[in-house]
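# Observations on the three-dimensional arrangement
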Amino acid sequence: MKRILLFGAGKSATCLIDYLTRICTENKWSLFIGDADAVALKKKLVHSPFVHPVQLDVENAPERNKLIQQADLVISLLPPALHILIAKDCVTNSKSLLTASYVDEEIRKLSVAIADKKLLFLCEMGLDPGIDHMSAMQIIHRIQHAGGKIISFLSHTGGLVAPECDDNPWHYKISWNPSNVVKAGASGAIYKETGEIKELQYHHLFDQTGLTEIKPVGTYAWYPNRDSLSYIPVYGLESAQTFIRTTLRHPVYCLGWKNLVKSGLTDDVKKLPGNVTSIAEWSKPLLPYVDLSNKFLYDQLGLFENTPLPDGKLTSAKILQHLLEKHWRMKDTDRDMILMLHEFEYELDNRKHFLRSSLVVKGENALRTAMAKTVGLPLGIAARLILEDKLKLTGLHIPIIPEIYEPVLTSLMLEGIQFQEESN
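Residues numbered from 1 in each chain as written. Predicted model: local features only at pLDDT ≥ 70, side-chain atom pairs only at ≥ 80, totals over all residues. Heavy atoms only, no water.

### Section: the overall build of the protein chain
Secondary structure assignment for the protein chain yields 15 helices and 17 strands. In terms of C-alpha radius of gyration, the protein chain reaches 22 Å, essentially the compact-globule figure of 22 Å for 424 residues. Seen through its C-alpha atoms, the protein chain measures out along the principal axes to roughly 60 × 60 × 40 Å. The 424 residues of the protein chain split such that 54% are buried. (Helix = DSSP H or I, 4+ residues; strand = E, 2+ residues; numbered from the N terminus. Rg over C-alpha atoms; globule rule 2.2 N^0.38 Å. Buried < 20%, exposed > 50% of the residue type's maximum accessible area, 1.4 Å probe, protein only.)

### Regarding the packing of aromatic side chains
Each aromatic ring pair is described using two quantities: the centre-to-centre distance and the angle formed by the ring planes. As enumerated under the stated definition, the model contains 16 aromatic pairs in all. When the ring of W170 is compared with that of W257, the centres are 6.5 Å apart and the planes differ by 85 degrees; the resulting orientation is edge-to-face. Of the two residues, W170 is situated in the loop between β7 (149-161) and α8 (178-183) and W257 in helix α10 (residues 251-262); the sequence distance between them amounts to 87 residues. By relative accessible area, W170 is classed as buried at 0%. The exposure class assigned to W257 is buried, which follows from its relative accessible area of 1%. With a centroid separation of 5.9 Å and 80 degrees between ring planes, the pair formed by W170 and Y298 is classed as edge-to-face. With W170 in the loop between β7 and α8 and Y298 in helix α12 (residues 295-300), this pair connects stretches of sequence that are 128 residues apart. Residue Y298 is classed as buried on the basis of its relative accessible area, which comes to 0%. In this structure an aromatic cluster arises from ring pairing among W170, Y172, Y253, W257, Y298, F304 and W328. In this structure, R245 packs its charged tip against the face of Y231, placed 4.5 Å from the ring centre. Looking at R249, its charged tip hangs above the ring of Y253, at a distance of 5.4 Å from the centre. (Phe/Tyr/Trp six-rings, centres within 6.5 Å; stacked < 30°, edge-to-face > 60°. Lys NZ or Arg CZ within 6 Å of the ring centre and 35° of its normal.)

### Some words on the pairing of strand β3 (residues 51-55)
Alignment of strand β2 (residues 30-35) against β3, held across 5 bridges, turns out to be parallel. The partner of L31 across the bridge, within β3, is V51. One crossover worth recording links β2 to the parallel β3 by way of helix α2 (residues 38-44), and it is right-handed. (Pairing = 2+ DSSP bridges. Right-handed = clockwise from strand over helix to strand, strands pointing away.)

### Observations regarding helix α14 (residues 370-387)
Here α14 contains 18 residues, and its C-alpha end-to-end distance of 26 Å stays within 8% of the 26 Å for a straight helix at 1.5 Å per residue. Its maximal kink placed at G376, α14 deviates by approximately 30 degrees, while the proline P378 follows within four residues. α14 sits mainly inside the fold: 17 of its 18 residues count as buried. In the stretch just after α14, D389 is the one whose phi turns positive, near 65 degrees. (Expected span 1.5 Å × (residues − 1). Bend = angle between axes of the 7 residues up to and from the residue.)

### Regarding the packing of helix α3 (residues 61-69) against helix α4 (residues 83-92)
One can describe the packing of α3 onto α4 by two numbers: an axis separation of 10 Å at closest approach and a directional angle of 50 degrees. It follows that α3 is oblique to α4 by the angle criterion. The interaxial crossing formed by α3 with α4 has right-handed handedness. Between α3, through R64, N65 and I68, and α4, the contact on the second element is made entirely by L85, I86, D89 and C90. A class-by-class count of the residues in the contact of α3 with α4 yields 4 nonpolar, 1 polar and 2 charged. (Axes fitted to C-alpha atoms, helices over the stretch in contact; angles between N-to-C directions. Parallel < 35°, antiparallel > 145°, perpendicular 65-115°, else oblique. Left-handed = near helix turned anticlockwise from the far one by under 90°. Contact = heavy atoms within 4.5 Å. Nonpolar A, V, L, I, M, F, W, Y, C, P; charged D, E, K, R; others polar.)

### Let's talk about helix α13 (residues 316-327)
The periodicity of an α-helix, 3.6 residues per turn, causes residues three or four places apart in sequence to face the same way. Given a rise of 1.5 Å per residue, 12 residues ought to cover 16 Å, and the 17 Å separating the end C-alpha atoms of α13 matches this to within 8%. Among all positions of α13, only S316, A317, I319, L320, Q321, L323 and L324 are buried. Tucked into the core, α13 has its buried residues touching α8, α10 and α11 (279-282).

Everything listed here is a matter of coordinates, which is why it stays silent on function.
In structure tokens, the structure reads:
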């Protein structure tokens, strides 16, 4: 009996657990799910004789290693900083590993050992990164194989609230890790636009956002996401004049968040001075950026209320996260929405062409979200392909080659995740 081991049962794990439960039941495989939060485990599991929850502190090396030794395949949905614990044990025990997170330097250092042991470490296998890579590379390869030359590429992704459940002025609710919502954009961005390398620091990232329309849901703002340049050689688009990976938000969100950043209320380094005891005292640096046209945004978050600070050793980011979790919480019946859009400009047969490929996915409710679906299903599909011996790669990979993206995108279509193209 084949055994899948999943570490992590957080917000993004729900639909992955559903999918793995389904394929394990069909194939009589075993699924073991390790998480420190027994309540989260119980909430997400469907009763099945093939599914086994394990309450686990992932930093307990003997317990973690024992579970990995017994697995045929390991998936990690833990916070990125903890992946290396799992990864090293997987190398030691000769187990393949799937994650939805970016390949970092610690994982990259294992690449020789991964190759030597003929293991498959498949990273960036979620939504963004993940579905964005696969869907973009499928089109890039198609254009290139036809003899086309890509001049401009923009890739936009956003996790948002479905319009029918949008009842706050920021047009946003939290459907993934709330600390990541607060930290989004903190590393700034570097990208290529009309032949020039451009770099934006965090406090300028939201100053001049772009706009794009995604049919049929509307017009959204975008801001550059992290390091786009590192993906230019990965995508084989060195000759492109523009290459930008972005995050989508509502235009009002970007206006409001710009002021939070500039006032220092997203800072996660400096501890608050002891004389600051209320939310209103903490948020004073925001006041110079507030006028009557945008005050309603901050009122909705309770930023100027004379209420006590939450307990604990606090940074501004931690206080802001506390407020966001309270005021941007999804109601049980709320639905989130994933938007993705690739915009291509390319030359073929001495003509200039434009192509847009868009994806709209809505969640079922606050538990089975579009975010959980689009992050989890690529991992689940890859796990099935590996255990069915249909994905025979070894080494450290991200999903940018046809051997990975073709079968995964085909399976995603069967799960209702399908792009729509328009071109001229």
